[in-house]
Amino acid sequence: MSACAGEIAISCTSEDQTGVTTLHREQELDRFLAGVERRAIRIAEISIRDRDEALDLVQNAMIKLVRTYADRPSAEWTPLFYRILQNGVRDHHRRQAVRNRVMVWFGRPGNDDRDFDVIAAAPDPAGRTPDQQLESGEAMRSLELALQDLPGRQREAFMLRTFEGLDVAATAAAMGCSEGSVKTHYSRAVHSLRETLGEHWQ
Amino acid sequence: MKDRHDKFSDSEEQEFAAKAKRLFDESVQGLNAKTQSRLNRGRQRALADLESGAGFRSLAGWVPAAGIAAATVFAVVLWTGKPPVEEISPPATATDFEILLNEDSFEMLQDLEFYSWIDLDAELGAAANVG
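Computed from a predicted structure; not experimentally measured. Residue numbering note: each chain is counted from 1, following its sequence as written. A letter from A marks each chain and a number from 1 marks each ligand, given out in the order of writing. Under the rules for a predicted model, residues below a pLDDT of 70 receive no local features and side-chain atom pairs below 80 are neither given nor counted, while totals for whole chains, interfaces and linings still include all residues.

1. Quick notes on the overall build of chain A
In step 1: Helix and strand content of chain A: eight helices and zero strands.
In step 2: Beginning at the N terminus, the succession of helices and strands in chain A can be written as α-α-α-α-α-α-α-α.
In step 3: Buried residues in chain A amount to 33% of all 202 residues.
In step 4: Once C-beta atoms have been placed from the backbone, residue pairs whose C-beta atoms lie within 7 Å are recorded as contacts. Here the analysis covers contacts within chain A between residues at least 6 apart in sequence; of these, 59% occur between residues at least 24 apart. Helix and strand assignments come from DSSP, with helices taken as H or I runs of at least 4 residues and strands as E runs of at least 2, each series counted from the N terminus. Exposure in this text rests on C-beta crowding, where 20 or more other C-beta atoms within 10 Å of a residue's own make it buried, 12 or fewer make it exposed, and counts in between make it partly exposed. The C-beta atoms are placed from the backbone.

In structure tokens, the structure reads:
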């Protein structure tokens, strides 16, 4: 009888530990996602020029990360999350290209990304004087337009390295390429952006 | 051979990246309430998925073990429960059916109790003679 009671105690303790572990992991994931989601939405928005679509992509990336990689060490979450997000961005561009081809075939103009109104979609700056807002807003809009003209891989490398602050190894993991490729894409991106934006931008 | 990109120094590159980062951070700070609310809802939905999926995953973890256990039990039953070859009755032949359908056989089956009594009586008599 005492052995049976011992078994029950062990079973209860194990269940409690599992519950605590799940709760702890959920809290960790909550903190991680809350910390990354606002930068992620801006990165996705700059890439696909549509905030609603970007929100959908970020939410899908969150769900996929939680479903697939919740058990992985938290240090791996950032590159994994951005890898999922970047795959979503690439899929979006592929779908958009197909849609445009089909619309052209039917004799109707496709959904040209150039119709995107950067000013209307720009976020509301906070905590700055109107002059500062105007200056920063203009500079950011110029940067966004210049980024949109970059090849996709260069844009990814620049945004992950500069905006998200990932190191070369994490960026390579997020992009699914070698560290050497990341360095090349990043370097080309910086120099192309500087040439596009001109000296006065700095 | 110098690449055309090398005309920018490392410090200039770092300054450029720092300004881009500052502008980006300001744009992140300026996200409107509607967008932040939608992000929050998306995050909660993803985490709810973890809660519901955790139970499934823990249950799913037992599926392979349960399958292996079931297969093992089935194999053991098949191996140990297999009857010896000599115990297997031969299939009924046409002759057996002829005997059963024979009129005399039917009469014998009807008087089966009588024949059993005769057998028992004969055995008892033999035992008495021996005693």
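2. What about the overall build of chain B?
In step 1: Assigned secondary structure in chain B consists of five helices and zero strands.
In step 2: Counting from the amino terminus, helix and strand elements in chain B follow one another as α-α-α-α-α.
In step 3: Here chain B holds 131 residues, and 9% of them are scored as buried.

3. Some points on the interface of chain B and chain A
In step 1: Taken together, the contacts link 31 residues of chain B with 36 residues of chain A.
In step 2: Class assignment of the residues belonging to the side of chain B that touches chain A gives a composition of 13 nonpolar, eight polar and 10 charged. Classes in brief: Ala, Val, Leu, Ile, Met, Phe, Trp, Tyr, Cys and Pro nonpolar; Asp, Glu, Lys and Arg charged; the others, Gly included, polar.

4. Thoughts on the environment of Thr78(A)
Residues and elements named next belong to chain A.
In step 1: Mapped onto the fold, Thr78 is located in helix α3 (residues 77–105).
In step 2: A C-alpha to C-alpha distance of 9.3 Å links Thr78 and Glu164, two positions 86 residues apart in sequence.
In step 3: Apart from the residues lying within four places of it in its own chain, the contact partners of Thr78 are Val36, Leu166 and Ala170.

5. Some words on the packing of helix α7 (residues 168–175) of chain A against helix α8 (residues 179–197) of chain A
Residues and elements named next belong to chain A.
In step 1: Fitted lines through C-alpha atoms serve as axes, helices being fitted only where they are in contact, and the angles separating the N-to-C directions of these axes extend from 0 to 180 degrees. Close contact between α7 and α8 brings their axes to 8 Å; oriented N to C, the two are set at 95°. With respect to each other, α7 and α8 are oriented roughly perpendicular. Contacts from Val168, Ala169, Thr171, Ala172 and Met175 in α7 reach Glu179, Val182 and Lys183 in α8.
In step 2: In terms of residue class, the contact of α7 with α8 is made up of five nonpolar, one polar and two charged. Any angle between 65 and 115 degrees counts as roughly perpendicular, while under 35 counts as roughly parallel, over 145 as roughly antiparallel, and the rest as oblique.

6. Things to note about the confidence of the model for chain A
When pLDDT is low, close inspection of the predicted coordinates is not appropriate.
In step 1: On a scale of 0 to 100, pLDDT captures the predictor's confidence in every residue. Mean pLDDT for chain A: 83, with 76% of residues reaching 70 or above.
In step 2: Throughout residues 1–5 of chain A the model reports pLDDT below 50, and contacts reaching past four residues in sequence, or to other chains, amount to zero contacts.

7. Focus on the nonpolar core
Residue and element names in this part refer to chain A.
In step 1: To define a nonpolar core, we join buried Ala, Val, Leu, Ile, Met, Phe, Trp, Tyr and Cys residues through C-beta atoms within 7 Å and take the resulting set. Ranked by size, the top nonpolar core spans 48 residues in total, and within it Ala44, Val58, Ala61 and Leu85 carry the most contacts.
In step 2: Considering each element in turn, this core owes the most residues, nine residues, to helix α1 (residues 2–48).
In step 3: The contact partners of Ala61, leaving out residues within four places of it in the chain, are Phe81, Ile84, Leu85 and Gly88.

8. A word on α7(A)
Residue and element names in this part refer to chain A.
In step 1: A large share of α7 lies buried, amounting to six of its eight residues.
In step 2: Every buried residue of α7 is listed here: Ala170, Thr171, Ala172, Ala173, Ala174 and Met175.
In step 3: Looking at the buried residues of α7, the elements they touch are α3, α6 (152–163) and α8.

9. Some thoughts on the confidence of the model for chain B
All names here are of chain B.
In step 1: For chain B, the mean per-residue pLDDT works out to 70, and 47% of the residues sit at or above 70.
In step 2: Across chain B, the secondary-structure element scoring lowest on mean pLDDT is helix α4 (residues 103–110), at 56, and the one scoring highest is helix α1 (residues 10–29), at 91.
In step 3: Residue range residues 1–5 is modelled with pLDDT below 50. Its contacts to residues more than four positions away, or to other chains, number three contacts.
In step 4: The ipTM value of the predicted complex is 0.78, and its pTM value is 0.64.

10. Describing unusual backbone geometry
In step 1: One non-glycine residue with positive phi stands out, namely Arg49(A), at about 60°.
In step 2: Arg49(A) gets classed as buried once you count the C-beta atoms within 10 Å, which come to 20.

11. As for α3(A)
In step 1: Expected helix span is computed as 1.5 Å times (number of residues minus one). Here α3(A) contains 29 residues, and its C-alpha end-to-end distance of 42 Å stays within 8% of the 42 Å for a straight helix at 1.5 Å per residue.
In step 2: The complete set of buried residues in α3(A) reads Thr78(A), Pro79(A), Phe81(A), Tyr82(A), Arg83(A), Ile84(A), Leu85(A), Gln86(A), Gly88(A) and Val89(A).

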